[in-house]
Amino acid sequence: MLSAEAAGPAEAPGRGVRSKSISPRQIPVIGVVTEDEEMQLYVLRVFSSLWTFIVSSQYLKRKTSLPFLKKKASDEITYAEDTANSLALLGELMKIPSSELRIHICKCIIDFYHAEPPKKHIPGYQQVSSSYKIKMAEVGGLARTMVQSMILLENQLVEKLWVLKVLQHLSTSEVNCASMLKAQAASRICAHLNDPDPSGQLLFRSSEILWNLLEKSSKEEIIQQLSNLECLLALKEAFKNLFMRGFTHYDHQLRNDLLVITTIIAQNPGAPMIECGFTRDLILFATFNEVKSQNPLVKGIKFSNTYEDFELKKLLFNIIVILCKDLPTVQLLIDGKVVLALFTYVKKPEKQKIVEWSLAQHEELQLHAIATLSSVAPLLIEDYMSCQGNARILAFLEWCENQDPFFSHGNSFHGTGGRGNKFAQMRYTLRLLRAMVSLEDENINTDLCEKETIQQLIGIFKNTIKDPNEKEEAIVLEIQSDILLILSGLCEYHIQRKEIFGTEGVNIILHVMKTDPKKLQSGLGYNVLLFSTLDSIWCCILGCYPSEDYFLEKEGIFLLLDILALNQKKFCNLILGIMVEFCDNPKTAAHINAWRGKKDQTAASLLIKLWRKEEKELGVKRDKNGKIVDTKNPLFTSFQEEQRIIPLPANCPSIAVMDVAENIRAKIYAVLGKLDFENLPGLSAEDFVTLCIIHRYLDFKVGEIWNEIYEEIKLEKLSPVTSDRTILESIITASQNIGKMVVSLQSEMIESQTRQDMQNEQKVYSKIQGTNKQRELANKSWENFLARTSNIKTLKKAKKLQEKAIESSKYNERPHNAVCHRTVIKGLNTTVSSGPVVTVESTPVRLLGGPLADTDIALKKLPVRGGALQKVKTVKILNEPKKSIPT
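Keep in mind it's a predicted model, so treat the numbers as computed, not measured. (Residues numbered from 1 in each chain as written. Predicted model: local features only at pLDDT ≥ 70, side-chain atom pairs only at ≥ 80, totals over all residues. Heavy atoms only, no water.)

Caption draft 1: The arrangement of the overall build of the protein in detail. Within the protein one finds 41 helices and 3 strands. Split into buried and exposed, the 887 residues of the protein put 42% on the buried side. Considering only contacts in the protein between residues 6 or more positions apart, those separated by 24 or more positions represent 74%. A total accessible area of about 50,500 Å² is found for the protein, and carbon and sulfur atoms account for 54% of it. (Helix = DSSP H or I, 4+ residues; strand = E, 2+ residues; numbered from the N terminus. Buried < 20%, exposed > 50% of the residue type's maximum accessible area, 1.4 Å probe, protein only. Contact = heavy atoms within 4.5 Å. Areas by Shrake-Rupley, 256 points an atom, 1.4 Å probe, with all protein chains shown as cover.)

Caption draft 2: Here's a closer look at the nonpolar core. Judged by nonpolar contacts, the single largest core of 203 residues is most densely connected at M146, L167, I537, L564 and L672. It is helix α26 (residues 470-491) that provides the largest number of residues to this core, a total of 10 residues. Non-local contacts of L564, meaning those with residues more than four positions away in its chain, are made with C572, I575, L576, M579, L606, L607 and L610. (Core = buried A, V, L, I, M, F, W, Y, C linked by side-chain atoms within 4.5 Å.)

Caption draft 3: Highlighting the packing of helix α13 (residues 219-226) against helix α15 (residues 249-266). Contact geometry for α13 and α15: axes closest at 9 Å, N-to-C directions at 95°. The orientation of α13 with respect to α15, classified from their angle, is roughly perpendicular. Only I261, I264 and I265 of α15 make contact with α13, whose side of the interface consists of K219, I223 and L226. Looking at the contact of α13 with α15 residue by residue, the class counts come to 5 nonpolar, no polar and 1 charged. (Axes fitted to C-alpha atoms, helices over the stretch in contact; angles between N-to-C directions. Parallel < 35°, antiparallel > 145°, perpendicular 65-115°, else oblique. Nonpolar A, V, L, I, M, F, W, Y, C, P; charged D, E, K, R; others polar.)

Caption draft 4: Examining the environment of E615 more closely. With respect to the helices and strands, E615 occurs in helix α33 (residues 603-618). Judged by its relative accessible area of 5%, E615 falls in the buried class. For E615 and S638, which are 23 residues apart along the polypeptide, the C-alpha to C-alpha distance reads 9.8 Å. Leaving out residues up to four positions away in the same chain, E615 has contacts with V620, R622, L635 and R665.

Caption draft 5: Spotlight on the layout of surface pockets. Size it by volume and the second largest pocket reaches roughly 470 Å³. Lining the second largest pocket are 25 residues, with P517, D562, I563, A565 and L566 sitting closest to its centre. (1 Å grid on protein atoms, 1.4 Å probe; cavity = no way out; pocket = protein on both sides within 12 Å on 5 of 7 lines; lining within 4 Å. Points joined across faces, edges and corners; volume = space filled by probe spheres on them.)

Caption draft 6: Layout of the packing of aromatic side chains. Enumeration over the complete set of coordinates arrives at 17 aromatic pairs. Ring centres of F531 and F571 lie 4.8 Å apart, and the angle between their planes is 45°; this geometry places the pair in the tilted category. Pair noted here: F531 is in helix α28 (residues 526-541) and F571 is in helix α31 (residues 569-582), with a separation of 40 residues, a long-range link. The class of F531 is partly exposed, set by a relative accessible area of 32%. (Phe/Tyr/Trp six-rings, centres within 6.5 Å; stacked < 30°, edge-to-face > 60°.)

Caption draft 7: Fine view of the pattern of salt bridges. Enumeration according to the criterion identifies 28 salt bridges in this entry. Here E614 makes a salt bridge to K569, at a shortest N to O gap of 2.9 Å. With E614 in helix α33 and K569 in helix α31, this residue pair connects regions lying 45 residues apart in the sequence. Looking at K569, the relative accessible area reads 48%, which means it is partly exposed. Here K701 and D659 are joined by a salt bridge, their closest N and O atoms 2.9 Å apart. With K701 in helix α38 (residues 697-715) and D659 in helix α35 (residues 655-662), this residue pair connects regions lying 42 residues apart in the sequence. One salt-bridge network, held together by shared partners, links E615, R622, D659, R665, K701 and E704. (Salt bridge = Lys/Arg side-chain N within 4 Å of Asp/Glu carboxyl O.)

Caption draft 8: Geometry of helix α30 (residues 556-564). For α30, a buried count of 7 out of 9 residues is recorded, marking the element as mostly surrounded by other parts of the structure. Among the residues of α30, those classed as buried are G556, I557, L559, L560, L561, I563 and L564.

Caption draft 9: Quick look at unusual backbone geometry. One non-glycine residue, Q184, adopts positive backbone phi at about 60°. Mapped onto the fold, Q184 is located in the loop between α10 (174-182) and α11 (185-191). Notably, E452 is not glycine yet its phi reads approximately 60°, a positive angle. Among the secondary structure elements, E452 is positioned in the loop between α24 (442-450) and α25 (453-464).

Caption draft 10: Spotlight on the side chain of D383. One can find D383 in helix α21 (residues 381-386). In this structure, D383 is in contact with I334 and V339, ignoring residues within four places of it in sequence.

Caption draft 11: Region of interest: helix α27 (residues 495-513). Along its 19 residues, α27 runs just 23 Å from first to last C-alpha, ending more than 12% under the 27 Å computed at 1.5 Å per residue. Along α27, the helix axis deviates most sharply at G502, where the bend reaches about 70°. (Expected span 1.5 Å × (residues − 1). Bend = angle between axes of the 7 residues up to and from the residue.)

Caption draft 12: The arrangement of the environment of T453 in detail. Among the secondary structure elements, T453 is positioned in helix α25. As a C-alpha pair, T453 and L487 span 34 residues in sequence and 8.8 Å in three-dimensional space. When near neighbours in sequence (up to four residues on either side) are disregarded, T453 contacts L394, L433, L448 and L490. Engagement of the side chain of T453 in a polar contact is seen with the backbone oxygen of L448, the distance being 2.4 Å. (Polar contact = N/O pair within 3.5 Å; in protein donor to acceptor, adjacent residues only side chain to side chain.)

Caption draft 13: The arrangement of a nonpolar patch on the surface in detail. Together, L698, V702, W706 and I709 give the surface a local cluster of nonpolar side chains, amounting to about 310 Å² of exposed area. Classification of I709 by relative accessible area gives partly exposed; the value is 34%. (Patch = residues over 30% accessible without salt bridge, like charges linked within 9 Å, V, L, I, M, F, W, Y side chains within 5 Å.)

Caption draft 14: Just the packing of helix α22 (residues 389-401) against α25, in detail. Look at α22 against α25: their axes get within 11 Å of each other, and the N-to-C directions meet at 25°. Between α22 and α25, the interaxial angle falls into the category roughly parallel. Handedness of the α22/α25 crossing: left-handed. Judged by residue contacts, L394, L397, E398 and E401 of α22 engage T453, Q456, L457, G459, I460 and N463 from α25. (Left-handed = near helix turned anticlockwise from the far one by under 90°.)

Caption draft 15: Quick peek at the confidence of the model for the protein. In this model, the protein carries a mean pLDDT of 82, and residues with pLDDT of at least 70 account for 81%. Counted against residues more than four places away or in other chains, residues 1-65, with its pLDDT under 50, gives 74 contacts. Segment residues 856-887 is flagged for pLDDT under 50; beyond a separation of four residues in sequence, or across chains, it makes 31 contacts in the model. (pLDDT = per-residue confidence, 0-100.)

Caption draft 16: Main features of the side chain of S654. For S654, the position within the fold is in the loop between α34 (638-642) and α35. There is a polar contact of 2.6 Å between the side chain of S654 and the side chain of E708. Setting aside residues no more than four positions away along its own chain, S654 makes contact with L648 and E708.

Next comes the structure, spelled out in structure tokens:
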């Protein structure tokens, strides 16, 4: 592969060009630190061989500006290594102290990215693509050498700007960015942001390179490089200068870019943001517009409603959220009156007072300020109370709830779903209120209850109960979830507040519990709403007997069991816990026993089914009939078998104790225990086998814990006294005997069920045999009937047998003077019972008139039996015979 001039006629260096004659030996070897003379001579020979190409800077410019040429397509692969090495040497030439040479090298590299096509075409050669040259620069490590060359350009502004321009192009590649990071490019560039530069290019190009590094390489590594005092001081001074003195559109954009970079660095807790004073300045810049300050940094500065100033305000709110995660920042937030500044947005918008921002901008800043308060206010409780935060929030919620005309724009991230309504404002205000209530600060919660917050929130929830459109549904569900969580936080541990919650609160809970189960899989937030509802049952209803009775009266237990029957593991633990607490109410047991699910399933059957499913997931050993396999450890899970028993301090719960809280078996045992384990309806034999284990759950668990104690004593090589050893062994033996007893009882149940199944099977077989026998008799009767109708001899024989049977059945001794009537009509050749009624089965349809013919009992003509009569006109009968008069 050749350059364009290598393929064509060579022009003598310096011909037609004025250049200063420099000997190769006069070129100092910069950057080579070695005492080995052979290495120095080798470097000199390399530079001497390159001297023919760089004697004249004009020749170098002409040489490198021409494209690389290839003769064959395979040349790119064949000469890839040589090309990469030559480009690497191009970076090494930056060590030569020649300003013109360095600038031309930078121009050469920049031409890789937007080179012009060659002015003349050389026959037999083709130009390589720009992507190939860029790739070879990546392989050769050119970006790294260019970063290292910046050390040589401390006081040379022009060369430094050219190198930054080169790095700006090189940093568009992920490979180059990774190479630059190895050379500490981020810290080296950031530390020199404030170097003197009348043109302003240095700050612009440096910020662009930092942006590219953040986008194309490891963000964590860059943050580590920039999290030092020198870099943060440079960023602080650059940002302050642009904030205070920048007036052009370009300055404002650059200012915002630096603030974004600062925000990324602030995510590192180890960054010395407070030490360098940057945090204090940022808080001042964020609040000076709302809280008047005499600080000279903000004197005479005002925000306009331009897009850049609007973005700056949002970025300042955002960085406050990040800074407040560092607890030492709290005092600076107090000094800066951040809570008071943010609360200036938590109010009804007044058009006359909004001067700095447009209505859409003010709405977005309002939402952003409320979201920022959710992170800041919980850290500054005293400032929150001194600003009357509760009163401000409740007043703003009241405005959100009323029907005043308000046309929100909903253009921002925080305004999603709130276009044309106040849902966005209500959502973020409730988030703020939820954050404050979750602190469990008694002063805040008491103040809220005194301001009738419970009644107000219940009213808001009722107003949101409607069928929202698809865009509003998710935000409405979030609002409802937050309301229920706030009510739970306020009412927990306080009976008086639960009484205020009352029947109206129970009604909204019942409404949510009646939600279609199919919606739980929609992903809109129904799952979260249901979790909030179950939490509010626990905190707002349990313990208040009037509310409990009303909940039971409205079939609340039925709804809980309906949700439990959905067999969704995420709800089971919470629902069972609620049911355990509800069972303290004596009315609950009747409701549980009265419930029926699909296929007439009872509550007891459902709970036992959940027990079996839980044990299957935990890996508890059971045989195919559900019997205990290991009588020593009948409740052991697969996790407990894998874990070895380790001696633990007395205040640390063991694995057996932790198992009680980590699954639902203990809660199922508690609920069934409240039902007394007796007279449970709708149980199968399999259920009774499992019920034996559940009934002895507490005994098994106690034995399991004593067994752990015994094993720990062995591991610690302790020897208990004789009486203690005897008692310990007796307890363990008794536990094992209980297991054996339960196994025996289970075996009896299984055998009894087997016998019952066999009896039921025999009954079914007997029924089948009786049916078959009746079918055979019917077939035989039919065959006899056919034989009588088809064979006269058989018919006569049957007739004789019938007459003989009739005669034998008669009473032989007749009373004196008794009149005897014949019961058989003579001359009949039938073997069926005879009578005075004959049914005609072949009546013509024309006489019946069909099934829909009108009938009239009074008709005297055509009295035909066997179907509906047809109404006919009177028919005159011809040749009617004369009636004979009896004599």
